[in-house]
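Here is how the chains run, residue by residue.
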Amino acid sequence: MVTRPLLLRFVSIIGASTSFYLLLSVVPLYAEASSGGNGTPAGLATGALMLATVGGELATPRFVARFGYRLALAVGLVLLGAPALVLTASGSTVWITAVCVLRGLGFALTVVAGGAMTASLIPPERRGEGLALVGIVSGVPSLVALPLGVWLVARVGYGPVGIASAVAALAAIVSVPGLPHREPTSGRSIGVLAGLRTAALLRPAVLFSATALAAGIIVTFLPLAVPPASTGVVAGALFVQSAASTVARWGAGRHGDRHGPASLVLPALAVSAAGTLLTSLTHSPVAVVAGVALFGVGFGVTQNATLTLMYARVPTSGYGTVSALWNFAYDAGMGVGAVGFGVLTGQTGYPVAFALTAMLTLTALVPAWRDGVTTGSRA
């Protein structure tokens with residue numbers, strides 16, 4: 001299963017993931033510190049990053065079809081890394097938002113083009129396990145980089161962390177020439193708009209977006225929601241969340257290859273909601289760590305199960321569309337969650353807002369149940 005092209009692909013995955021997650025919680029902190037706001041600048045920073053990513057994801061399949069995998073991936077790594085070099089050139093909300101928009105477009109190119117390429121390199125009969133392995137490769141950088149960024153900012157400042165993020169993405173470009181150039185063409189091509197109209201693809205994407213919404217809220221606002229006296233808990237909690245998600249993706253992949261991934265979705269959503277609800281006890285370090293760990297398990301299982309289901313329902317020519325739709329659900333959920341939560345906390349405070357997020361996650365149980373009934377459907 002692990003071929004030379006897949007190993008080279010791992011290099012770009014590690015570079016892009018490290019660059020992205022190193023700044024994911026740091027940029028909201030920088031926006032908040034620079035503006036002295038009450039949560040809105042932090043939400044706008046993450047929202048701009050994710051919503052730009054969403055726009056880029058919808059356009060990437062067409063870009064790949066015209067220019068191929070390698071150029072799309074190289075351009076994405078440049079756009080993800082280069083703006084991080086100049087993040088601290090200004091503390092204005094407009095500047096930070098512009099940097100986030102460029103990085104969001106770059107991230108979109110790397111995840112959609114790279115995701116479709118990766119799926120084509122994995123044998124179909126081992127897709128769940130293969131995607132789980134890819135999840136570990138991308139999860140380890142998030143496991144390290146997400147809490148490391150917060151830890152480093154307190155010791156070396158925002159500038160050096162931005163430079164480290166840039167280097168991680170730009171250095172990965174050296175692996176791109178050894179990767180496949182064009183996407184596979186067997187089977188009928190499925191456009192992004194057609195995919196959005198196809199229930200067999202849309203339902204898994206929608207229910208995954210519910211957990212992604214909570215994920216965006218946790219990584220953006222947990223550093224702000226925890227009392228200042230317990231800020232050391234945040235780095236540990238983010239580490240635990242990433243670790244739990246990574247391990248859960250692996251377990252879900254192995255189980256899905258043997259028994260089918262559809263049965264995992266409903267319990268994973270329930271576990272995600274329970275973890276988010278527990279995280280609402282922001283004044284209790286134990287509850288926060290336990291909550292994000294529980295959420296991480298549910299989120300990791302949902303990631304693997306929904307993506308595996310979607311790839312199984314299309315021919316190889318539809319892999320680009322699946323990658324775009326799944327990542328669209330991921331990043332739209334994170335972006336909408338960050339912006340909406342920032343507004344909500346001004347009215348309710350963090351604990352109540354986290355509890356309401358948990359209730360919202362539970363609404364995805366309805367499309368999850370309906371998708372389980374029609375699990376054999378193909379696009």
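Predicted, not measured: the structure shown is a model, and the values here were computed from it. (Residues numbered from 1 in each chain as written. Predicted model: local features only at pLDDT ≥ 70, side-chain atom pairs only at ≥ 80, totals over all residues. Heavy atoms only, no water.)

1. Focus on the confidence of the model for the chain
Logical step 1: Mean pLDDT over the chain works out to 84, with 92% of the residues at or above the 70 mark.
Logical step 2: Per-element averaging of pLDDT across the chain places helix α15 (residues 365-373) at the bottom with 65 and helix α7 (residues 158-171) at the top with 94.
Logical step 3: Here residues 373-379 is a poorly scored stretch, pLDDT under 50, and it has 18 contacts once near neighbours within four places are set aside; other chains count. (pLDDT = per-residue confidence, 0-100. Helix = DSSP H or I, 4+ residues; strand = E, 2+ residues; numbered from the N terminus. Contact = heavy atoms within 4.5 Å.)

2. Notes on the side chain of Thr302
Logical step 1: Tracing the chain through its elements places Thr302 in helix α12 (residues 285-312).
Logical step 2: Look at Thr302 and you get buried, because its relative accessible area is 0%.
Logical step 3: Setting aside residues up to four positions removed in sequence, Thr302 forms contacts with Leu207, Phe208, Thr211, Ala268, Leu269 and Ser272. (Buried < 20%, exposed > 50% of the residue type's maximum accessible area, 1.4 Å probe, protein only.)

3. Focus on the nonpolar core
Logical step 1: Among the nonpolar cores identified, the biggest contains 94 residues, and Leu24, Leu222 and Tyr330 are the most heavily contacted of them.
Logical step 2: Contacts of Leu24, omitting those with residues within four sequence positions, involve Thr46, Leu49, Met50, Leu146, Val219 and Met334.
Logical step 3: Of all hydrophobic cores here, the second largest spans 12 residues; its members include Leu264, Val265, Ala268 and Ala364. (Core = buried A, V, L, I, M, F, W, Y, C linked by side-chain atoms within 4.5 Å.)

4. So, the packing of helix α1 (residues 4-24) against helix α2 (residues 26-35)
Logical step 1: Between α1 and α2, the least distance of the axes is 4 Å, while the angle of their chain directions is 35 degrees. Along its contact with α1, which presents Leu22, Leu23 and Leu24, the element α2 presents Val26, Val27 and Pro28.
Logical step 2: Residue composition of the contact of α1 with α2, by class: six nonpolar, no polar and no charged. (Axes fitted to C-alpha atoms, helices over the stretch in contact; angles between N-to-C directions. Nonpolar A, V, L, I, M, F, W, Y, C, P; charged D, E, K, R; others polar.)

5. Quick word on helix α9 (residues 199-225)
Logical step 1: Helix length check: α9 (27 residues) gives 37 Å between terminal C-alpha atoms against 39 Å at 1.5 Å per residue, within 8%.
Logical step 2: The largest bend in α9 comes to about 35 degrees, at Val219, with the proline Pro223 one to four residues further on.
Logical step 3: Of all 27 residues in α9, 22 are buried; the element is thus mostly enclosed. (Expected span 1.5 Å × (residues − 1). Bend = angle between axes of the 7 residues up to and from the residue.)

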